Each structure stands twice: as C-alpha cells, then as structure tokens.
Amino acid sequence: FFFSRWFDVRLVLGVNLATAVVTWGLTVRALHAGRTAWVRWDAGLLWETLRQSLVLHLGMVLFFLHLRLDMFMVKGIVGTAALGQYSLSVMLAETVLLLTDSLGIAVLPRQMGNTVKGAALLALRGARANALLGFGLATLWAAGGMVVIRVFFGSQFTPAYLPLLALLPGMVFLGMQRMCGGPALRTGRPEIITAIYALSLLCNGMLNLWWIPTWGPLGAAVASSVSYGLSAVLFLVWTARLAGVPVSEGMVPRRSDLASLWYALRESLQVVQRTYFVKNEVR
C-alpha cells in the first residue's frame, strides 16, 4: 500500500486493526484446537478477573500515557516541527526495548511456575542481564545514531540526536523494570503497580513543564529518563523485598551475568547454525 496512491492514515489504521484481529484469531485457534465452544460465560471467573484487571488496566493506561505524554507536551509547548524531530528520537530509542522485552518474555514462564520469592530472584537476575543488554545497544546508538539519522532521515532531523542520547538511560531502566512484571502480578496487588505508574507519570509531567520550555525536546527526553528511572527503582525495590535480598541484587550487574549472556548468545548461534545445516541437507 505504501507504493500505491491509496496510502493514508486511515488505511494504516485499518491494516493495523486487521492484523490485530488475524493475530487474535490465530491465537484462539491454536489454544482451542479441536474445541467448538470456545466462547463461554463464567460469572465467577469474570468477577474474579475484573477485580484484578480493572485496577491493572488503569495502571497500564497510566504507563502508556507515561510513554507518550512527553510527545504531547513537546507539541503543545514547542510546536509541530519539534514534535517531528522528537518522535524520531523516541522511535529510535525504543528499539532498545525490543531486545530487553524479548528476554522478559522468555523468562516469564519460569516466573509463573515457582514461588513468588523464586520469581522475584529470577527477576532481579534478569534485570541485571537487561541492564547489560540495554547498555550495549545504547552504546551502539550513541556511537552511530547521528550517522543513521543523517543517512535514513536527512540532515533536517539531526537535532533528534541529542534527545535520543538523553532517552537511552530511560530505555535501559524500562528494560530492567520489565523483568519485575511477573512477580509483581503474582502478588495480587495491582493497586501498587497502578500507584507506581501514577507517581512516575506525575513526575514526568512536572519535569516536562519545567524543562521543555527551557531545553525543548532535550528537556522532554531528560524528564522521561528521570521518571522512567524512578519507576524502575520502585519496582526493583519492591521485587527485592519479595526476594528478601538487597536492592543491589537487581541493579548492579556482575561478571557472571556477562558470562551467562555470552553463553546464551553462543548457544543461540549454534542452534541457528544447526538449523541452517539441517535445511541444506534436506534440500
């Protein structure tokens, strides 16, 4: 559609909706293979679910606003051109989350099958690993971000580089926070999750009002990193209490964490190589 004359915002939204529906349908089909009545009414289960999910949903709305409030405020305070540049900074910085989210998703099943304390200990170990992964990718963006922006987006977007640098620490913090989701949910205390998101969102808004008029998009980026850091520290402190260990267990990477990441990377490459050779032999 991008190369057609019908490409516009409505078409993009329509394609997004269609892919979401298809993904949902394929998921339901896979989970309910061989069943015909997968839509059922269970009042007790619905009530028990809503008691948790409504409060949690409010927290997730606050978290989403936290991720996007800075963009709205940059538009309102500095203008549309600054928003265009800052939105590029946000998009590039959020690529750090793609890597750390993958590890968070991979660890989540193991956090569901043990005790809350065990899940919390695993979360702290994963937070340290994500700190290393996030820092590594952030370093690459710091070194090559200006070149990427100039080559793929043009010299008019070079002002996006400094906000990108300022956002990178916040992305590392969010990657560490991502690991705490499993044990936090298992406590059955969604109000604490929502309270943390509300506090960090309030912090973000106040800092944006203070720093955007002075520094523009760079001020929004610094404000976001500070508020993301606040949210991550609060989650890590909570997780450390669940695990019964000092907070440093989840915030200070160790040499063993680096060794574990290297081992995991080496094993993954070996799996890819074996798969490649098997396919070639079949052919």
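Heads up: the structure comes first, above all this text.
The following paragraphs examine the structure supplied in this document. Because the structure is predicted, anything quoted here is derived from the model rather than measured. (Residues numbered from 1 in each chain as written. Predicted model: local features only at pLDDT ≥ 70, side-chain atom pairs only at ≥ 80, totals over all residues. Heavy atoms only, no water.)

## Overview of the overall build of the protein chain
So, step 1. Broken down by element type, the protein chain carries 11 helices and 0 strands.
So, step 2. What you see in the protein chain, going N to C, is helices and strands ordered as α-α-α-α-α-α-α-α-α-α-α.
So, step 3. Over its C-alpha atoms, taken along the principal directions, the protein chain stretches across nearly 55 × 55 × 45 Å.
So, step 4. Within the protein chain, the fraction of its 283 residues that count as buried is 34%. (Helix = DSSP H or I, 4+ residues; strand = E, 2+ residues; numbered from the N terminus. Buried < 20%, exposed > 50% of the residue type's maximum accessible area, 1.4 Å probe, protein only.)

## What to know about the nonpolar core
So, step 1. Counting 50 residues, the largest nonpolar core has Tyr86, Leu164, Leu168, Met171, Leu174 and Phe235 as its most contacted members.
So, step 2. Of all the secondary-structure elements, those providing two or more residues to this core are helix H2 (43–77), helix H3 (80–93), helix H4 (95–112), helix H5 (116–153), helix H6 (161–178), helix H8 (190–215) and helix H9 (217–243).
So, step 3. Apart from the residues within four sequence positions on either side, Leu164 is in contact with Ser89, Leu92, Ala93, Trp141 and Gly145. (Core = buried A, V, L, I, M, F, W, Y, C linked by side-chain atoms within 4.5 Å. Contact = heavy atoms within 4.5 Å.)

## Brief notes about the pattern of salt bridges
In a structure, side chains of opposite charge can pair up when their charged atoms sit close to one another.
So, step 1. Across all of its chains, the model carries 4 salt bridges by this definition.
So, step 2. Of the charged contacts, one joins Arg10 and Asp8 as a salt bridge, the two residues approaching to 3.4 Å between their closest N and O atoms.
So, step 3. According to the relative accessible area criterion, Arg10 is exposed, its value standing at 68%.
So, step 4. A residue is classified by how much of its surface remains accessible, and Asp8, at 30% relative accessible area, is partly exposed.
So, step 5. Measuring nitrogen to oxygen at the nearest pair gives 2.2 Å for the salt bridge that ties Glu191 to Arg189.
So, step 6. Judged by its relative accessible area of 36%, Glu191 falls in the partly exposed class. (Salt bridge = Lys/Arg side-chain N within 4 Å of Asp/Glu carboxyl O.)

## Considerations on the state of the cysteines
So, step 1. Tallying each qualifying case throughout the model produces 0 disulfides.
So, step 2. Cysteine Cys180 remains unbridged, with the sulfur of Cys203 as its closest cysteine sulfur at 18 Å.
So, step 3. When its relative accessible area of 19% is taken as the criterion, Cys203 is described as buried. (Disulfide = S-S within 2.5 Å.)

## Thoughts on the packing of H2 against H8
So, step 1. Viewed as axis vectors pointing N to C, H2 and H8 meet at an angle of 10 degrees, and their least axial separation amounts to 8 Å. Our classification of the angle between H2 and H8 gives roughly parallel.
So, step 2. Its residues placed into classes, the contact of H2 with H8 shows 19 nonpolar, 8 polar and 2 charged. (Axes fitted to C-alpha atoms, helices over the stretch in contact; angles between N-to-C directions. Parallel < 35°, antiparallel > 145°, perpendicular 65-115°, else oblique. Nonpolar A, V, L, I, M, F, W, Y, C, P; charged D, E, K, R; others polar.)

## Considering the packing of H6 against H9
So, step 1. Two numbers describe how H6 lies on H9: the axes approach to 8 Å, and their chain directions differ by 15 degrees. Overall, the two elements H6 and H9 adopt an arrangement that is roughly parallel. When you trace H6 past H9, the crossing you get is left-handed. Contact residues: H6 offers Leu162, Pro163, Ala166, Leu167, Leu168, Pro169, Gly170, Met171, Phe173, Leu174, Met176 and Gln177, while H9 offers Pro217, Leu218, Ala221, Val222, Ser224, Ser225, Tyr228, Gly229, Ser231, Ala232, Phe235 and Leu236. (Left-handed = near helix turned anticlockwise from the far one by under 90°.)

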